[in-house]
Amino acid sequence: MKKILFVSSEIHPLIKTGGLADVAGSLPIALDKLGQDVRIVLPYYGAIKLSQTPEYRCTIRVNNTDINILETPLPNSSLTIWLIDAPLLFSGEGNPYSDEFGNAWHNNAERFALFCRIAVEIAQNRAHLHWKADIVHCNDWQSGLVPALLTQEPNRPSTVFTIHNMAYQGVFSKETFYQLNLSNQLWHQNALEYHGMMSFIKGGIACADHITTVSPTYALEIQTAEFGYGLEGLLHHRHHELNGIINGIDLEQWHPEKDNRIPQNYNLHSLNKKADNKSALQQRVALPVDNSIPIIGLIGRLVDQKGIDLVIDALENILKLPVQFILLGSGDKGFEHRLKNFAHNYPDKCAVTIGYNEDFAHLIEAGADMFLMPSRFEPCGLNQLYSQCYGTLPIVRKTGGLADTIIDALPQSIADHTASGFVFEESSTGAMIETIKRALLLYDNKPIWEQLQKNAMGKDFSWENSAQKYIEVYNTL
Ligand code: ADP
């Protein structure tokens, strides 16, 4: 049994902007079930609304400031979350990284440096919590200073740094580094210095004892210039301490048999019931209610990474096909505007909902027939996993976790019942549309389509496998 401090800047269901929250809300529970002692540390953001008041645990002094640590349980588990209560830094409305207008918080370096400092105090049992970590498991740039700070401590725990997305790095000026009052020893090429700037993510990559990322393919991709954002050399240098572990999914929330947010539950033996969700979805977005028209769904952040520009460029041609297209997402205002225009011009074929809506996301997964994910890069991706679980066949670009989790429907994989979706390689509208057409051909062949749905739904996406792989990593340290 290991004592693991899990450091994350978001955790579902308390606060979520993306996949990291899903991982942070599930992996600790899976580790706990496998006998590990896991505690979680999270900033107490203004946007976190708890049903019960968190309990005061202690006050600690870091960088000449007194900070309270509160405690609250992770819902649906017996796990403890330690909340860093620093209202001056974290109480603003908005999301963990930006204000309600989408501008990054001006003091993000200060906010997350404090978060990291307190994580170190907790890990080293200096926070009056009577608990010392064996392993500190950090996630993404917001926790990148933790492995760096811990290199300066005698008797320190081992550190793991998981990269959920290389595109977000936490890079700040040299002046910021000095304002943060960090040890000068950390201003070093093998620590936080990055081309004359300070990089939080580099602290994690350079200083952690082990690095993981969220799929084996992405672990290779980030060692190349295209995906490494200037850190590919360092990542390649550390490739012996770097591996990829695919995320699981929370099957309590994302399983069509148990999902209490959808009108009709179903499983792979009652696939005909999926049609009820399809009609509910069509009704909800005011598209013609017709079970015979295939629905292509898309949920996600509307940003370049997700290939939304490709979708927009191809949408006119996609809408010439016998399909309905239903999108839920928010992000780039230009993308939002263009997508809404399509919905306006094609009211019978295209529905666009701008915003973040967990319930609606479940209905799309349950009601659509296909799920489009033409990402330029995708560290792991969760929606293609949910989609397979719901028998909503994903159409994806072959990159990162999408390449690792979808088996393309080709004659051989159809015959041996391994096919679970549709895959294209080139990041182009042509390749995407050809693949959508390939999917539509099979959609018209009901026995084959149903078999593909069953292949996808029969796969094991539980966290247990992945958690076991993390334990193997902890055990090598
Ligand atoms: P990323 O972390 O890059 O955003 P992932 O596929 O790993 O992408 O995870 C995204 C998660 O956020 C999924 O659980 C997805 O359903 C959810 N999500 C993204 N956008 C929305 C939205 N507009 N409404 C509801 N859920 C969303």
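Residues numbered from 1 in each chain as written. Predicted model: local features only at pLDDT ≥ 70, side-chain atom pairs only at ≥ 80, totals over all residues. Heavy atoms only, no water.

Q: Help me understand the site of the ligand, please; the structure alone is not making it clear to me.
A: Around the ligand there are 18 residues in total, and Gly19, Arg301, Lys306, Gly355 and Leu382 lie nearest to it. Between the ligand and the protein, one listed contact pairs an oxygen atom with a backbone N or O atom of Gly19 at 2.6 Å. At 2.7 Å from an oxygen atom of the ligand is found a side-chain nitrogen or oxygen belonging to Arg301. Taking 570 Å² as the accessible area of the ligand by itself, protein coverage stands at 93%. Listed by contribution, the elements that provide at least two residues to the shell around the ligand are helix H1 (19-33), strand S13 (295-302), strand S14 (324-331) and helix H14 (383-389). Sort the elements by how many residues they give to the shell around the ligand and S13 lands first, with three residues. Inspection of the shell around the ligand shows a minimum of three residues originating in each of domain 1 (3-248 + 464-476) and domain 2 (271-457). (Near = heavy atom within 4 Å. Polar contact = N/O pair within 3.5 Å; in protein donor to acceptor, adjacent residues only side chain to side chain. Areas by Shrake-Rupley, 256 points an atom, 1.4 Å probe, with all protein chains shown as cover. Helix = DSSP H or I, 4+ residues; strand = E, 2+ residues; numbered from the N terminus. Domains from an automatic or database assignment.)

Q: Just to check I follow, could you spell out helix H10 (residues 274-284) for this structure?
A: Think of an α-helix as 3.6 residues a turn; residues three or four steps apart then line up on the same face. Lys274, Asn277, Lys278, Ala280, Leu281 and Gln282 are the residues of H10 that are buried. Turning to H10, the residues buried within the fold contact S13, S14, helix H13 (358-367), helix H17 (429-443) and helix H18 (446-457). One or two residues past the end of H10 sits Ala286, with phi positive at roughly 60 degrees. (Buried < 20%, exposed > 50% of the residue type's maximum accessible area, 1.4 Å probe, protein only. Contact = heavy atoms within 4.5 Å.)

Q: Looking at this structure, I do not really get the environment of Glu336. What am I missing?
A: Mapping Glu336 onto the fold places it in helix H12 (residues 333-345). What makes Glu336 buried here is its relative accessible area of 7%. Linking Glu336 and Thr353, residues 17 residues apart in sequence, is a C-alpha distance of 9.1 Å. Beyond its immediate chain neighbours, meaning those up to four positions away, Glu336 contacts Leu302, Ser330, Gly331 and Ile354.

Q: Looking at this structure, how should I read the sheet that holds strand S4 (residues 65-73)?
A: The pairing of strands in a sheet comes from backbone hydrogen bonds and takes either a parallel or an antiparallel form. Judged by pairing direction, the sheet is mixed, and its nine strands sit side by side in the order S3-S4-S5-S2-S1-S6-S7-S11-S12 without closing on themselves. Each having just a single partner strand, strand S3 (55-62) and strand S12 (242-244) make up the two edges of the open sheet. On average, adjacent strands in this sheet sit at an angle of 25 degrees to one another, irrespective of strand direction. Pairing analysis gives five bridges linking strand S1 (residues 3-7) to strand S2 (residues 37-43), with the strands arranged parallel. Bridging from a neighbouring strand, Leu5 pairs with Arg39 of S2. (Pairing = 2+ DSSP bridges. Axes fitted to C-alpha atoms, helices over the stretch in contact; angles between N-to-C directions.)

Q: Teacher, can you tell me more about the sheet that holds strand S10 (residues 197-199) here?
A: Reading across the sheet, the three strands line up as S8-S10-S9 and stay open at both edges, with antiparallel pairing between neighbours. Because the sheet does not close on itself, it has two edges, and the strands there are strand S8 (171-172) and strand S9 (193-194). As judged from the two bridges shared by S8 and S10, these two strands associate in the antiparallel manner. Bridged to Phe172 within S10 is Met198.

Q: I keep staring at the packing of H17 against H18 and nothing clicks. Help me out?
A: Two packed helices can be described by the angle between their axes and the distance between those axes. Interhelical geometry of H17 versus H18 gives an angle of 110 degrees and a closest axis separation of 7 Å. Classed by the angle they form, the pair H17 and H18 counts as roughly perpendicular. For the pair H17 and H18, the contacting residues are Ala439, Leu442 and Tyr443 in the first and Lys446, Ile448, Trp449 and Leu452 in the second. (Parallel < 35°, antiparallel > 145°, perpendicular 65-115°, else oblique.)

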